[in-house]
Amino acid sequence: MPSTFAFGDVLFSLFTFLILLLLLRRFAWGPIVEQMKKRENHISNEIETAENHRQEAEKYLEEQRVEMEKAREEAQSIIETSRKTAQEQSKEIIRESHEEANRMKDNALADITREREQAVEALRAQVGQLSVLIATKIIEKELDEEEQEKLIQEYVQESGGRL
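What you see is a predicted model; the values in this text were computed from it and never measured.

As a further point, take the overall build of the protein. Counting its regular elements, the protein contains 2 helices and 0 strands. Burial statistics for the protein: of 163 residues in total, 2% are counted as buried. Roughly 15,100 Å² of accessible area belongs to the protein as shown, and the carbon and sulfur atoms make up 58% of that amount.

What follows is the structure in structure tokens.
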């Protein structure tokens, strides 16, 4: 069978195809391209928004890290200050305790001195009373002057040695 090539059919098909392309370009391709551009813009805006959110999140995270570091430093400072204050208070308490102990020791020494002086005074009073008793006995025995003087000297020497 002979093959016949129909040039008219090809032209008709080509013409129909071109008309279809023009119709598609005018009524379909423009709206599709416009829709694609809208979609591209929307996606671009979403990516830009997401990038902005990511940058804000990173900025916020860095701010939080800085704040956390400040809080750590402040806490360390408070702990250090508390430790120093406790040491100073401890030293002050020890110093006050030493002062109180020295004060108590000084008071005790003063009390001992005062009591010793009172004991000496009491002893002197007793010596005085004994002297009166001796004098009374001397008078009762009617000793002569020489014996009285000797007796008084012996008593004074004995009493003076103990005072």
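There is more to say after this.
Time to look at the pattern of salt bridges. Note on pairing: side chains with opposite charge can pair once their charged atoms come close. Under the counting rule described, the total for this entry stands at 11 salt bridges. Where E69 meets R72, a salt bridge forms, and the shortest distance between an N and an O atom there is 3.9 Å. Note that E69 and R72 are positioned in helix α1 (residues 7–141) at a spacing of 3 residues, about one turn of the helix. Here R95 ties to E99 by a salt bridge, and the two come within 2.3 Å at their closest N and O atoms. Here R95 pairs with E99, and both are found in helix α1, just 4 residues apart, close to one helical turn. Through salt bridges with shared partners, one network takes in E51, R54 and E58.

Remark: the centre distance and the inter-plane angle together describe each pair of aromatic rings, the angle taken between the planes. According to the stated counting rule, one finds 0 aromatic pairs in the structure shown. Here the basic side chain of R26 rests over the ring of F27, its NZ or CZ set 5.8 Å away from the ring centre.

All right, on to a nonpolar patch on the surface then. The grouping of F7, L11, L14, F17, L18 and L21 at the surface amounts to a nonpolar patch, some 590 Å² of accessible area in total. One can find L21 in helix α1. Using a relative accessible area of 39% as the deciding quantity, one classes L21 as partly exposed.

Along the polypeptide, E80 turns up in helix α1. At a separation of 2.3 Å, a polar atom in the side chain of E80 contacts the side chain of R83.

Conventions adopted
- Residues numbered from 1 in each chain as written.
- Predicted model: local features only at pLDDT ≥ 70, side-chain atom pairs only at ≥ 80, totals over all residues.
- Heavy atoms only, no water.
- Helix = DSSP H or I, 4+ residues; strand = E, 2+ residues; numbered from the N terminus.
- Buried < 20%, exposed > 50% of the residue type's maximum accessible area, 1.4 Å probe, protein only.
- Areas by Shrake-Rupley, 256 points an atom, 1.4 Å probe, with all protein chains shown as cover.
- Salt bridge = Lys/Arg side-chain N within 4 Å of Asp/Glu carboxyl O.
- Phe/Tyr/Trp six-rings, centres within 6.5 Å; stacked < 30°, edge-to-face > 60°.
- Lys NZ or Arg CZ within 6 Å of the ring centre and 35° of its normal.
- Patch = residues over 30% accessible without salt bridge, like charges linked within 9 Å, V, L, I, M, F, W, Y side chains within 5 Å.
- Polar contact = N/O pair within 3.5 Å; in protein donor to acceptor, adjacent residues only side chain to side chain.

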